[in-house]
Amino acid sequence: MDRIRITGGQRLSGTIPISGAKNAALPLIAACLLTDKPLTLNNLPDLADIKTMTRLVETLGVEATGGDVTEANGGRRLTLTAANITETTAPYDLVRTMRASILVMGPLLARFGRAKVSLPGGCAIGTRPVDLHLNAMERLGAEVELEGGYVMVSAPNGLIGNRVTFPKVSVGATENLLMAAALAKGQTIIENAAREPEIGDLVHCLNSMGAKISGQGTDTLTVDGVDELHGADERVIPDRIEAGTYMMAAAITEGDVTLSHVDPGALEAVTALLRSAGVIVEEGDRTLRVAMDGRVTGVDVETQPYPGFPTDMQAQLMALMARAQGAAMITETIFENRFMHVPELVRMGADITVHGASSLVRGVDRLVGAPVMATDLRASSSLIIAGLGAEGVTEVNRVYHLDRGYERLEEKLTAVGALVERVSDERTF
């Protein structure tokens, strides 16, 4: 089983190219199902989740061609053609590994009038926001049934536009509804829609394919359904979470790192917080310079939907705050059970106390390397950051989580001075 070995205490200096955004690319891959014409995607990252989503649409009958590196940052170009769809069932074996697989439901339902999708990751309806996806489809006239761990949705006479108000902000449900509504009859108004940059990227792609969607960047989106969509040639936006992760890595090592191929505007909440902690952040043309001299100052934060501080950066910030001067209160408002990285950081000497949805982080003078276990994607990157800022050797196990969301992580960190290597053997913890 692979693990990442980090020898801490190295100051990071140099340039890190940022890859295309995984969370933007996944719905764009699903969008190919809305038309029989080719959809070409550029700047795709080479990640496990991207490969899983591509395999999923191929299972449905999509032809995927290309995949070669065409971007200076390693981004790939892939053409997806859904002219010969032979299946409308998304099987458990693929869906179980990635929750974003449910995004094929909206396009299949809109174009073919039916879809059968395994409940992702053993999710129970009502405890995670899968119910928001299903309620939205019902508002467009679909019938929903649950059987044998699968969701079956059908609308043999087509979907009908309607007003849909989400009770809570959900990126995935907004994306699924946008794709379904694009081919619905009449107008759909989506209220309390997610505003993340990844939503904007999907709207841009759908409009390039012939959809009529307005309100991008606001919490109210209006979709005027069309009879059919055509192909397009789109470029995936930069990954703001990958960029934010390397910003934290630069800060904890008191380094000086420039991020290239990045969108500074999408990182305003992260940038503002780091500046309040004493970090130097300079914005350029598709670049960000992050520099730090000494330890950061503890700052409080509460995760919020975009444009607030992202939940996907909470774990990385906690690793940085573990070495801060003073204390920080980090409150998680988006997902429950997202403090599973805390015990692993404590193993490295962090002083963290969890109080319900909040964690009090008291900065310590030193972290010490230790064998730790990654529990999820963002927790994995928090342990990498902690290892970079710790004394001695840290070994992060279960790094398959990292491979879902970080492209060439060891290579990028090594290029700026980190001592990081991937070790493959049968050792387990």
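Not measured: the values here are computed from a predicted model.

Draft legend 1. Here's a closer look at the pairing of strand 8 (residues 143-147). Across the five residues that make up strand 8, only a small minority, zero, are buried. Joining the antiparallel neighbours strand 8 and strand 9 (residues 150-154) is a turn of two residues, in which Gly148 adopts a positive phi near 60°.

Draft legend 2. Representation of the sheet that holds strand 17 (residues 287-291) in the model. One open sheet accounts for four strands, arranged 2-15-17-16; its pairing is mixed. On the outer flanks of this sheet lie strand 2 (13-17) and strand 16 (280-283), each paired with one strand and no other. Geometrically, the sheet is characterised by an average inter-axis angle of 15° between neighbouring strands, direction not taken into account. Strand contacts of helix 8 (residues 240-252): strand 2, strand 15 (256-260), strand 16 and strand 17, with the helix running at about 170° to strand 15, the strand carrying the most contacts.

Draft legend 3. Representation of unusual backbone geometry in the model. Here the bond from Tyr306 into Pro307 is cis, since omega is 15°, no more than 30 degrees from zero. Following the sequence through the fold, Pro307 ends up in the loop between strand 18 (301-302) and helix 10 (314-321). Notably, Arg408 is not glycine yet its phi reads approximately 50°, a positive angle. Inspection of the secondary structure assignment puts Arg408 in the loop between helix 13 (400-403) and helix 14 (409-415).

Draft legend 4. Molecular detail of the state of the cysteines. Scanning the model with the defined rule gives zero disulfides in all. Cys32 takes part in no disulfide bond, and the closest cysteine sulfur to it belongs to Cys205, at a distance of 9.7 Å. The buried category is assigned to Cys32, whose relative accessible area is 0%. We classify Cys205 as buried; its relative accessible area is 0%.

Draft legend 5. Summary view of the pattern of salt bridges. Applying the stated criterion across every chain, the model contains 24 salt bridges. Across the pair Glu395 and Arg3 runs a salt bridge, and its minimum N-O distance is 3.1 Å. Taken together, the residues span a long stretch of sequence, with Glu395 in strand 23 (residues 393-397) and Arg3 in strand 1 (residues 2-7) at a distance of 392 residues. No difference in accessibility class separates Glu395 from Arg3, as the two residues are buried. One connected set of salt bridges, linked through shared partners, spans Asp2, Asp403, Glu410 and Arg422.

Draft legend 6. Up close: the nonpolar core. One finds Leu33, Val104, Leu178 and Leu206 to be the most contacted residues of the largest nonpolar core, which totals 79 residues. In this structure, Ile241, Ala243, Ala319 and Met321 belong to the second largest nonpolar core, which totals 69 residues.

Draft legend 7. Structural detail: the environment of Leu367. Its place among the elements puts Leu367 in the loop between strand 21 (358-362) and strand 22 (371-373). Separated by 45 residues in sequence, Leu367 and Ala322 place their C-alpha atoms 8.0 Å apart.

Draft legend 8. The sheet that holds strand 5 (residues 76-81), seen in detail. The strand order across the open sheet built from four strands is 4-5-3-14, with neighbouring strands paired in mixed fashion. Taken across any chain shown, the strands that pair with only one partner, and hence form the sheet edges, are strand 4 (63-69) and strand 14 (232-235). Across the sheet, the mean angle from the axis of one strand to that of its neighbour is 15°, orientation sign disregarded. Across the sheet, helix 1 (residues 22-31) touches strand 3 (39-44) and strand 5, and the angle it forms with strand 3 is around 165°.

Draft legend 9. Summary view of the side chain of His401. Note that His401 resides in helix 13. Residue His401 is classed as buried on the basis of its relative accessible area of 12%. Beyond its immediate chain neighbours, meaning those up to four positions away, His401 contacts Ala374, Thr375, Asp376, Leu377 and Ser380.

Draft legend 10. Up close: the confidence of the model for the protein chain. Averaged over the protein chain, the pLDDT score is 94; the fraction of residues at 70 or greater is 97%. Note on residues 122-127: pLDDT under 50 across the span, and ten contacts to partners over four residues away in sequence or across chains.

Draft legend 11. Helix 8, seen in detail. For helix 8, spanning 13 residues, the distance from its first C-alpha to its last is 19 Å, which sits close to the expected 18 Å at 1.5 Å a residue. Across the 13 residues of helix 8, 13 count as buried, placing the element largely inside the fold. With a side-chain oxygen positioned 3.0 Å from the backbone nitrogen of Ile241, the residue opening helix 8 is Asp239. Of the residues one or two after helix 8, Glu254 is the one with positive phi, at around 55°.

What counts, and at which threshold
Residues numbered from 1 in each chain as written. Predicted model: local features only at pLDDT ≥ 70, side-chain atom pairs only at ≥ 80, totals over all residues. Heavy atoms only, no water. Buried < 20%, exposed > 50% of the residue type's maximum accessible area, 1.4 Å probe, protein only. Helix = DSSP H or I, 4+ residues; strand = E, 2+ residues; numbered from the N terminus. Pairing = 2+ DSSP bridges. Axes fitted to C-alpha atoms, helices over the stretch in contact; angles between N-to-C directions. Contact = heavy atoms within 4.5 Å. Disulfide = S-S within 2.5 Å. Salt bridge = Lys/Arg side-chain N within 4 Å of Asp/Glu carboxyl O. Core = buried A, V, L, I, M, F, W, Y, C linked by side-chain atoms within 4.5 Å. pLDDT = per-residue confidence, 0-100. Expected span 1.5 Å × (residues − 1). Polar contact = N/O pair within 3.5 Å; in protein donor to acceptor, adjacent residues only side chain to side chain.

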